[in-house]
Structures are given as structure tokens and as C-alpha cells.
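Overview (structure and organization)
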Amino acid sequence: MGGDTALVLGGGGLTGIGWETGILYGLARAGVDLFRADLVVGTSAGSVVGAQVASGLLTPQELYERQLGDASGEAAARIGAGVIARYALAMARSRDAAGYRRRVGAMALAADTADEAERRAVLEARLVSHEWPERRLVVTAVDALSGELAAFERDGDAGLVDAVSASCAVPGVWPPVTIGGRRFVDGGVRSATNADLAAGYRRVVIIAPVAMGSGKVPAPSAQAARLRAGGARVLLITPSPGARKVFGRNVLDPARRDPAARAGLAQAAAHAEAAREVWEGPAGA
């Protein structure tokens, strides 16, 4: 399905949520309103932000301000060294990307994590609406058994809260999410952005808290290049060195969300002109 404008929001933990909202608010203050995108694609952290962008219930400023202030009421988590080592082992032992995703899914299914219902309640509380929006929103996850991409939308079988919970189910940290008898994990296992789902849209802005890829997980820059090759005008925004420093070593620490949001707001001005050119330039240019 093609269209005009697509906003792609990538994964990156709680710092990713904060930083993305800062970028969006900063661009809006500069006169570039990405909230009116025809398509929103959200992966992991980006699914939380994307669901709220597409809801139409918050202004860019309101979304940004929700990230500020005391976060002591939220439990911190960490992608520990053991989990990272298991990711690396799965990467080394997998012959292709699908095999890697299946290995990571198996690891997630075997992991001792929090209760699925308790984790769902956390995601439910983060969303301003629990219903799919009228605007086209795609929330990505990965089938833990098959390794296949799941692109949840309004006309599917998944409720919005379940879809976002699945997209945020970091393997080895949070429990896989059950939807229709299947178990799903974080969409970032396939790609930090899954920007290829914006193929056919003429103007695409990708906001990617995680800029790196690997041999089996495509980098946002590679997906952006393919969209450009298909004729789209594309802007990829990744964290500045200053923003990366603010994120710290634990992107799942709620205390880092506020400074990450402020870092995104500070960085946004550097991208305003390029964003305006992509978003508002002459059609077909």
C-alpha cells in the first residue's frame, strides 16, 4: 500500500522513547509536523511513541512533556552481559537472518522473566489510548518460533496494547507476548526500524535511536538507502554523540528518559531544514 508521508520510529529502550519525543517536538517547534504522517511504523520503543502519535490525542509538546520529571515509580531493567552474550552466540551460530531470529526467539521463550500480565499492565499505562487509531499504524514484532515478521494493524487480530507489548518484548529481559495462541518478541530482533514497511511512500522520515546493524540485522542506513533507490525522499535521524552520551549504558533505565528527551529536543534543530525538505518539498521532486 503506497501513500505520501511515512514516519518510522525505531527501537531503543526508554531512552529511545524520550529521545524520539524530543526530536518530534523540536521539529514541530521548527514548523515540521510529523504527527500528520499518513503511515506510522513503530518498532519496540517506537511502537509506544508511534501509537501515541497516531492516536491524535496528544500534541508534540504534550507527548514530550510526558517523558519529563520523576521516573522513580517505574522499575528499571537491564540487558545484562549474559543476555548480550546469548545474542552474540545466536548470531555466530545462525546461517541467515531467519535462523538468528529463531534462535533469539527460543532464548526468549526459555528465559526466566517477569509475568506476562504484569508487563502488559506497564505498557497499557504508558498509552493514552488502548484502541487502534484511524490513522494507519503498523506495529512490528517477531514470531518467537518461526522468526517471521508480524506487522500488526487495526484490521488484524491483535489489540493495540498486546501489539505494543509484543513489539517491546526484549528477549531475555521481558516475557514473550501471547497473541492468538502464538508467542511474539521485540520487533527490533528483525530490524531496529523495519523501515522497509514504508516502501511505496514518497516521503519518509526515519527516527532511529539505534543506528547500528549487523550481518543479520539490517542497519537503518541500509533500509533508508533501499527506500531512496525506490524513489522515496528519505531523512534518517540518528542520535548525536551528545545524545548517545546522555543515554548512558542502560537504555532501560527510567531515570535516563528525561535527559534523553531533552537531548532529542536539543538535537532537533540540526535536522529541521532537511526534514522540511523531505516532508514539504514539491511532490515528485
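See above for the structure.
Here is a short report on the structure shown in this document.

The rules behind these values
- Residues numbered from 1 in each chain as written.
- Predicted model: local features only at pLDDT ≥ 70, side-chain atom pairs only at ≥ 80, totals over all residues.
- Heavy atoms only, no water.
- Helix = DSSP H or I, 4+ residues; strand = E, 2+ residues; numbered from the N terminus.
- Rg over C-alpha atoms; globule rule 2.2 N^0.38 Å.
- Buried < 20%, exposed > 50% of the residue type's maximum accessible area, 1.4 Å probe, protein only.
- Areas by Shrake-Rupley, 256 points an atom, 1.4 Å probe, with all protein chains shown as cover.
- Lys, Arg positive; Asp, Glu negative; His and termini not counted.
- Charge placed at Lys NZ, Arg CZ, Asp CG, Glu CD.
- Phe/Tyr/Trp six-rings, centres within 6.5 Å; stacked < 30°, edge-to-face > 60°.
- Lys NZ or Arg CZ within 6 Å of the ring centre and 35° of its normal.
- Pairing = 2+ DSSP bridges.

Turning our attention to the overall build of the protein. Counting its regular elements, the protein contains 11 helices and eight strands. Relative to the compact-globule value of 19 Å for 285 residues, the protein shows a C-alpha radius of gyration of 17 Å, a close match. Seen along its three principal axes, the alpha-carbon backbone of the protein occupies a region of about 50 × 40 × 35 Å. Considering the protein as a whole, with its 285 residues, one finds that 54% of them fall into the buried category. For the protein, the exposed surface amounts to about 12100 Å²; the carbon and sulfur share of it is 51%. Across the protein, the centroid of the 32 positively charged side chains sits 8 Å from that of the 29 negatively charged ones.

By the definition in use, this model includes three aromatic pairs. A cation over an aromatic ring shows up here: Arg29 above the ring of Tyr25, its NZ or CZ 5.1 Å from the ring centre. Between Arg119 and the ring centre of Trp174, over which it is positioned, the NZ or CZ distance is 3.9 Å.

We now examine the pairing of strand E7 (residues 201-207). A large share of E7 lies buried, amounting to six of its seven residues. As paired strands, strand E1 (residues 3-9) and E7 are joined by six bridges and run parallel to one another. Looking at E7, one finds that Leu9 is bridged to Ile207. Pairing of E7 with strand E8 (residues 233-237), which is carried by five bridges, proceeds in the parallel orientation. Paired with Ile206 across the strands is Leu236, a residue of E8.

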